[in-house]
Amino acid sequence: MSAARGNRAGRMAVNAAAYAVTVFLLLPTLIIAPMSVGPERLLSFPPKGFSMRWYAEYFQDAEWVRATLFSAEAGVISAVCATVIGTMLSLALVRGRLPGKGLVELLVIGPVIVPHIALAVAMFLVFEQLRLTGTLLGFAMAHTVLALPFVVFTVLAALYRFDAELERAALSCGAGGFRVFRYVTLPLIAPGLVSAALFAFVISFDEAVVSFFISDLDRKTLPRKMFEDIDYNISPTLAAVATMLTLLTIAALLLGYALKRGMERRARAAARQGVEP
Amino acid sequence: MGLQDGVQGRVELRGLVKRYGPLYAVDHVSLEVSSGEFLALLGPSGSGKTTILMSIAGFEYPDEGQVLIGGEDVTWSPPNKRNLGMVFQKYTLFPHMSVLENIAFPLKMRGVGRAEREERARAALHTVRLGQMGERRPAQLSGGQQQRVAIARAIVYQPRVLLMDEPLSALDKNLREEMQIEIKHLQREIGITVIFVTHDQTEALTMADRVAVLDQGRLQQLGAPRALYEAPETGFVAGFIGETNFCEGTLHAAAMPGEAVSVALDGGGRMQAVAAQALPAGGRIRVALRPERLRVGPVGAEGMAARVSEAIYAGNATTLLLEGEGGQSLRARIPAGAGLHEPREGEPVRLSWQPADARAFVAAS
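Because the structure is a prediction, the values reported are computed rather than measured.

S.K.: What should I look at first to understand the overall build of chain A in this one?
M.R.: Regarding its fold elements, chain A presents eleven helices and zero strands. Dimensions along the principal axes, computed over C-alpha positions, put chain A at roughly 70 × 70 × 30 Å. The buried share of chain A, taken over its 277 residues, is 36%. Sequence separation of 24 or more characterises 73% of the internal contacts of chain A that already satisfy a separation of 6 or more.

S.K.: Where do I start with the overall build of chain B in this structure?
M.R.: Per the secondary structure count, chain B includes nine helices and 20 strands. Seen along its three principal axes, the alpha-carbon backbone of chain B occupies a region of about 80 × 45 × 40 Å. Within chain B, the proportion of its 365 residues that are buried is 45%.

S.K.: Before we go on, may I ask you to explain the environment of A258 of chain A in this structure?
M.R.: Checked against the element boundaries, A258 of chain A lands in helix α11 (residues 236-272). Between the C-alpha atom of A258 of chain A and that of S195 of chain A, which follows or precedes it by 63 residues, the distance is 8.9 Å.

S.K.: I would appreciate a short explanation of the nonpolar core in the present structure.
M.R.: For soluble globular proteins, the rule of thumb is that nonpolar side chains tend to be buried together. L41, I195 and F196 of chain B are the most contacted members of the largest nonpolar core, which has 164 residues in total. For this core, the element with the most residues is helix α8 (residues 177-206) of chain A, which contributes 15 residues. The two domains that each donate at least three residues to this core are domain 1 (3-230) and domain 2 (243-362) of chain B. Among residues more than four places away in sequence, those in contact with L41 of chain B are K49, I52, L53, I195, F196, V197, A212 and L214 of chain B.

S.K.: What should I look at first to understand the interface of chain A and chain B in this one?
M.R.: Interface size, as often reported, equals the accessible area lost upon joining of the parts. Taken together, the contacts link 21 residues of chain A with 24 residues of chain B. Those elements that provide at least two residues to the side of chain A that touches chain B are α7 (165-172), α8 and α11 of chain A.

S.K.: Just to check I follow, could you spell out the pairing of strand β10 (residues 218-223) of chain B for this structure?
M.R.: Along any regular strand, the residues point their side chains to alternate faces of the sheet. Residue and element names in this part refer to chain B. Strand direction decides the pairing type here: strand β9 (residues 210-215) and β10, joined by five bridges, are antiparallel. Bridge pairing in β10 places D215 opposite R218. If you look at the hairpin formed by β9 and β10, you'll find two residues sitting between the two strands, and Q216 has a positive phi there, around 50°.

S.K.: Would you take a moment to explain the packing of helix α6 (residues 136-161) of chain A against α8 of chain A for this structure?
M.R.: All names here are of chain A. Contact pair α6 / α8: the axes reach a minimum separation of 9 Å and the direction vectors enclose 155°. Taken together, the axis directions place α6 and α8 in an arrangement best described as roughly antiparallel. Where α6 crosses over α8, the two elements pack in a sense that is right-handed. Here H143, L146, A147, F150, V151, T154, V155, A157, A158 and L159 of α6 come into contact with α8, specifically with I189, G192, L193, S195, A196, F199, A200, I203 and S204. Across the contact of α6 with α8, the residue classes break down as 14 nonpolar, five polar and no charged.

Parameters and conventions
Residues numbered from 1 in each chain as written. Chains lettered and ligands numbered in written order. Predicted model: local features only at pLDDT ≥ 70, side-chain atom pairs only at ≥ 80, totals over all residues. Helix = DSSP H or I, 4+ residues; strand = E, 2+ residues; numbered from the N terminus. Buried ≥ 20, exposed ≤ 12 C-beta atoms within 10 Å, placed from the backbone. Contact = placed C-beta atoms within 7 Å. Core = buried A, V, L, I, M, F, W, Y, C linked by C-beta atoms within 7 Å. Domains from an automatic or database assignment. Pairing = 2+ DSSP bridges. Axes fitted to C-alpha atoms, helices over the stretch in contact; angles between N-to-C directions. Parallel < 35°, antiparallel > 145°, perpendicular 65-115°, else oblique. Left-handed = near helix turned anticlockwise from the far one by under 90°. Nonpolar A, V, L, I, M, F, W, Y, C, P; charged D, E, K, R; others polar.

All we've got here are geometric facts, nothing functional implied.
This is how it looks when you write it as structure tokens:
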């Protein structure tokens, strides 16, 4: 009895600590939102009124819009590339009999382990030689590499949940390798691919360190532009951008989560019919 | 049936070998299945039955030997080029397609037009008695219904051979027995060759025209169910199929298969039997004797002295657990209603049998 009560008290303490840490981590992000709607020219908290002025400023400033569009382009391209390459990689890792599987896995995880600053310096040195700094191609390549591990993790999880016996069934029905993928594997892991792509997009869109190094004066991404803005003129526009960026990221992650939930529901339905998820 | 039909569904294995490291999963297995025949591959787990089926299906490639279907060597062709039907242990229906789409899938892969596809899929669904279920998702069907859909999907393109890998093992007993009969009827109706993997001897004996018994990758015996039960050729088959008493002993002189022998039992006494295989002189021998072939007589009659240690009444028969004079434990079955004397527990009796019913094998070392 008293042990159970002790347990409950302990659990409550752990929960309280977890919430406290979460709030502590979120607080700066949450403070930026009210700051972005203050009417004054200087960032202040709490705001002395309500104004959408800085949001309007953002949309009217050609340089902000250009940086945003550039980021979006780089994000979409690297999301698509990372998803396609990551899916092929995952398939090879799960189904293939390729030699040196461990090495490939290690290379894929690489960008997660190596500090981004080291990666950024390395990329800068290489891209400088190849004249890729400040180009869309350069950003797409760099961000594809950074997003790849997350895509591979997501797709691997989807593939492990997927019952490989279904591929055998499709083969026995007369489908060749590509059509097995097209009609059976792909539709069943599609939600995983979409959430992987969203993940990749967010990673690219948010990425600051590498972008800082490989940008140039007129081709820069949104995070790089934000850095510059902090240096030259701290205007509440920055807070407005940060708020929008946060909302966009949350939306993307929620969408990814919803898709994952849908996929799990489907897997459970499949499990009910005797096919292991 | 034309000449063409006569060979289309024939399956032949020639010296099939599959090794996993030093282990033989399949050890030089050769067999022939004629067109329209129902063959069961029966054995305990690890006997190689599934590996053989997968080699026929094209999901495994053998280390040695050949697989021929309809006289054509398909050993190395991929599974999607073999035009076989396959039903898996799990139902393996595509969860994102409706029942009808599942069944139509093989037709789609063969380039059959949409209208014909639907018509043939509906006909196949009708064949497995699920006419109204076409629009449902697989998850909305029961286990038995799903397995019927899987069968429909495997026969809709009229393959020459249908492979089934323990297709009923996920179903409960009643449904299982119902499906056994249903599959058997379906097979006769469409005249397809069926190769059916199972570890359940009753299933194999009830469904198959012939049964291939496998143990440790080796083909032990291939024959009709009756032959397997009444004339097992190896000790493994005698023990695996049905219930059997085994008595151990030795033999003085070598014997050829079919020859009458007198085995000196380990606990003393002799046993008249027939050699089921070639027996070496002085070798260890196991004699197999079915419980229902053992006659239980009163003391004073001919035969082996024994004592009833337990009598188990089961309605249609009574099973006696007996202890022989040499310490052997034996079982005998006395059918009810035949007016036979049913000894009580502790009663001394005499056991006798037809020498032909006692089959002598080389004892596994």
